[in-house]
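What the coordinates show
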Amino acid sequence: MKDGLFEEFFEGGQLMQRGHYKKGEKEGLWEGFNKNGTLSWSCYYKKGKLEGPSEEYDQGKIETRFIYKDGKIEVEDHFLYPTDLLNYRNVYKDGKLELEEEYLEGGPLFSRKVYKDGNLEVEEEYSEEGPIESRHTYKDGKRKLVEYFDGPVIGQLSSRTFYKDGNLEVQEEYYEDGAIKSRSTYKDGNKTVEHFDEE
């Protein structure tokens, strides 16, 4: 049964990885190295299971970071090389993907996807200034609602499109004050359009 310090080396004698065992199970900090001695990866174990941050590096710069709890991944972060700026993030629950976020060149949030039981529920995109530009809502894998927020005022709702069983049902457009401008209804292949005067 392995217990205590463990080290593995390259053929040239350089340290390849280092960590500790406790009663046959990996415990605490483990590290991997490149032949030039720079850190390649690091992670933590608790009773043989990954616990806490696990990171991968390229020439000393972080590339990815995974957060584990009881051996299961909870957060996955990817960074823009050679900076430490976050590029995108995945969040998991009970091993299932729950949230995806992508950042614009490591800056503001660009897109977000929300999942439930492995199925996509909400998909959002954001402008460089920060406010939301669009939102797509799904149910049982089918598109339910699409909203656009590209009115004259940043982040203002400009249109909504409703779906039933994945089929287009109603489209609405709005004035700057939020009042409805037009409504298009689809049924049996026919389109009915209503226009509303601005108050």
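This report concerns the structure included in the present document.

Rules used throughout
- Residues numbered from 1 in each chain as written.
- Predicted model: local features only at pLDDT ≥ 70, side-chain atom pairs only at ≥ 80, totals over all residues.
- Heavy atoms only, no water.
- Core = buried A, V, L, I, M, F, W, Y, C linked by side-chain atoms within 4.5 Å.
- Buried < 20%, exposed > 50% of the residue type's maximum accessible area, 1.4 Å probe, protein only.
- Contact = heavy atoms within 4.5 Å.
- Helix = DSSP H or I, 4+ residues; strand = E, 2+ residues; numbered from the N terminus.
- Patch = residues over 30% accessible without salt bridge, like charges linked within 9 Å, V, L, I, M, F, W, Y side chains within 5 Å.
- Areas by Shrake-Rupley, 256 points an atom, 1.4 Å probe, with all protein chains shown as cover.
- Salt bridge = Lys/Arg side-chain N within 4 Å of Asp/Glu carboxyl O.
- Lys, Arg positive; Asp, Glu negative; His and termini not counted.
- Charge placed at Lys NZ, Arg CZ, Asp CG, Glu CD.
- Phe/Tyr/Trp six-rings, centres within 6.5 Å; stacked < 30°, edge-to-face > 60°.
- Lys NZ or Arg CZ within 6 Å of the ring centre and 35° of its normal.

Quick look at the nonpolar core now. Counting residues in hydrophobic clusters, the biggest one holds nine residues: Tyr 57, Ile 62, Phe 79, Leu 86, Tyr 103, Leu 109, Tyr 126, Ile 132 and Phe 149. Once residues within four sequence positions are removed from consideration, Phe 79 is found in contact with Ile 62, Glu 63, Thr 64, Arg 65, Asp 84, Leu 85, Leu 86 and Asn 87.

Moving on: the environment of Lys 49. The residue Lys 49 is located in strand E5 (residues 49-50) in this model. In this structure, Lys 49 is in contact with Tyr 44, Asp 70 and Gly 71, ignoring residues within four places of it in sequence.

A few words on a positive patch on the surface. Residues Lys 22, Lys 23, Lys 46 and Lys 47 make up a contiguous surface patch of positive charge. Structurally, Lys 23 can be placed in the loop between strand E2 (15-22) and strand E3 (25-33).

Looking now at the packing of aromatic side chains. Throughout the structure, instances matching the rule amount to five aromatic pairs. Centroid distance Phe 6 to Tyr 21: 5.8 Å. Interplanar angle 90°. Geometry classified as edge-to-face. Note that Phe 6 is positioned in strand E1 (residues 4-9) and Tyr 21 in strand E2, a separation of 15 residues in sequence. Under the relative-accessibility criterion, Tyr 21 is labelled buried at 14%. Taken together, Phe 6, Tyr 21, Trp 30 and Tyr 45 form an aromatic cluster joined through their ring pairs. Directly above the aromatic system of Trp 30 lies the positively charged group of Lys 26, at a separation of 4.6 Å from the ring centroid. Sitting above the plane of the Tyr 163 ring, Arg 143 keeps its charged end 5.7 Å from the centroid.

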